[in-house]
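# A closer look at the structure
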Amino acid sequence: MNPNSSHLSLVRQRFALHCLFLLFFLAPVSSTAQNHDHHDHHAYHQDAATGAATFKESVPEEYRIMERTPVIASQESLLRGRHLYATHCAGCHGRLGRGDGPAAATMKKPPADFLDFAHSEQYRPGEKYWLIAKGSTELGMPGFPQVSPEDVWHMVNYILALQAKVKAEGYDSPPHKH
Ligand code: HEC
């Protein structure tokens, strides 16, 4: 696929519309839970595959095909993303993105392990954006309508950077320290 400028401007236009949309539909979402057991990863891949297909069909095409985030992954973006991730996401996805947050053990569909690269790469950056903003009942992932579009992109940047870092350095060295 070869994105041309009219397509990009369409994406920007839709993105701006999406921002407006979010301004009008802010709603608080709470996403905490406490449980410290581990869960079993084995059964969920097949289940997740069908959910993934249904979810992907629901993503508008301009997001589905987005290979990159429109927000530059600057140091500021990654720091903001890390902070937001720790606040909203680590309870399920785990501090280091391994899908092993405290809430994971209580869930029928476990949160994604971002370091399971084959699994995570099913979702392009635009699809990650859409999933985080809107959520998906098929995937069992809550939406975050109260988080601004730009902040959602900061989190996508953070997850992609975390993955790139672990790919480059391996699992043995912690991807980051708080
Ligand atoms: C209540 C638990 C829960 C919370 C909180 C949560 N997620 Fe998820 N997330 C899930 C589940 C369940 C899935 C689907 C698992 C799968 O991939 O099949 C998922 C999937 C994802 C995926 C797609 C898989 C991938 O590797 O790309 C992304 C991206 C994601 N979550 C990001 C986030 C971000 C960012 C936050 C915080 C703003 C967040 N999630 C908060 C449970 C959660």
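Basis of the calculations
- Residues numbered from 1 in each chain as written.
- Predicted model: local features only at pLDDT ≥ 70, side-chain atom pairs only at ≥ 80, totals over all residues.
- Helix = DSSP H or I, 4+ residues; strand = E, 2+ residues; numbered from the N terminus.
- Buried ≥ 20, exposed ≤ 12 C-beta atoms within 10 Å, placed from the backbone.
- Contact = placed C-beta atoms within 7 Å.
- Axes fitted to C-alpha atoms, helices over the stretch in contact; angles between N-to-C directions.
- Parallel < 35°, antiparallel > 145°, perpendicular 65-115°, else oblique.
- Left-handed = near helix turned anticlockwise from the far one by under 90°.
- Nonpolar A, V, L, I, M, F, W, Y, C, P; charged D, E, K, R; others polar.
- pLDDT = per-residue confidence, 0-100.
- Core = buried A, V, L, I, M, F, W, Y, C linked by C-beta atoms within 7 Å.
- Expected span 1.5 Å × (residues − 1).
- Arc of directions from axis to C-beta.

What follows deals with the overall build of the chain. Counting secondary structure elements, the chain contains eight helices and zero strands. Put simply, the chain runs from its N terminus to its C terminus through helices and strands in the order α-α-α-α-α-α-α-α. Counting across all 178 residues of the chain, residues that qualify as buried make up 27%. Within the chain, residue pairs in contact and separated by at least 24 positions form 71% of the contacts whose partners lie at least 6 positions apart.

Time to look at the packing of helix H7 (residues 125-134) against helix H8 (residues 149-169). Two packed helices can be described by the angle between their axes and the distance between those axes. Relative orientation of the contacting elements H7 and H8 amounts to 125°, with a least axis distance of 10 Å. Considering the angle they form, H7 stands oblique to H8. The crossing of H7 and H8 is right-handed. For the pair formed by H7 and H8, the contact residues are Pro 125, Lys 128, Tyr 129, Ile 132 and Ala 133 on the first element and Pro 149, Val 152, Trp 153, Met 155, Val 156, Ile 159 and Leu 160 on the second. For the contact of H7 with H8, the class distribution of residues is 11 nonpolar, no polar and one charged.

Below, the discussion takes up the environment of Thr 137. Within the secondary structure layout, Thr 137 lies in the loop between H7 and H8. A residue is classified by how many C-beta atoms lie within 10 Å of it, and Thr 137, with 12 of them, is exposed. For the pair Thr 137 and Phe 55, spaced 82 residues apart in sequence, the C-alpha to C-alpha distance is 8.5 Å.

Turning to the confidence of the model for the chain, a few remarks are in order. With 69% of its residues at a pLDDT of at least 70, the chain reaches an overall mean of 80. Ranking the elements of the chain by mean pLDDT puts helix H1 (residues 5-24) last, at 51, and helix H4 (residues 75-88) first, at 98. In this model residues 17-43 is a low-confidence stretch, pLDDT under 50, and it forms 36 contacts with partners more than four residues away in sequence or in other chains.

In this structure, Tyr 129, Ile 132, Val 152 and Met 155 are the most contacted members of the largest nonpolar core, which totals 27 residues. Those elements giving two or more residues to this core turn out to be H7 and H8. With eight residues, H8 is the single largest residue contributor to this core. With near-sequence residues (within four places) excluded, Tyr 129 lies in contact with Tyr 63, Val 152, Trp 153 and Val 156.

The subject of this paragraph is H7. Within H7, eight of the 10 residues are buried, leaving the element largely enclosed by the surrounding structure. Within the span of H7, buried status applies to Gly 126, Glu 127, Lys 128, Tyr 129, Trp 130, Leu 131, Ile 132 and Ala 133. At the exit of H7 stands Gly 135, carrying a positive phi of roughly 75°.

A few words on H4. Compared with an ideal rise of 1.5 Å per residue, which puts 14 residues at 20 Å, H4 spans 20 Å between its outermost C-alpha atoms and is within 8% of the ideal. Those residues of H4 lying buried are Ser 77, Gly 81, Arg 82, Tyr 85 and His 88. In a view along the axis of H4, the buried residues occupy a sector of 150°, so they form one face of it. Turned more than 90 degrees away from the buried face of H4, the exposed residues are Gln 75, Glu 76, Leu 79 and Thr 87. Tucked into the core, H4 has its buried residues touching helix H5 (90-93) and H8.

This paragraph deals with the packing of H4 against H8. For the pair H4 and H8, the least separation of the axes is 7 Å and the interaxial angle reads 95°. Regarding the angle of H4 to H8, the classification is roughly perpendicular. Contact residues: H4 offers Ser 77, Leu 78, Arg 80, Gly 81, Arg 82, Leu 84 and Tyr 85, while H8 offers Asp 151, His 154, Met 155, Asn 157, Tyr 158 and Ala 161. Of the residues that constitute the contact of H4 with H8, the class distribution is six nonpolar, four polar and three charged.

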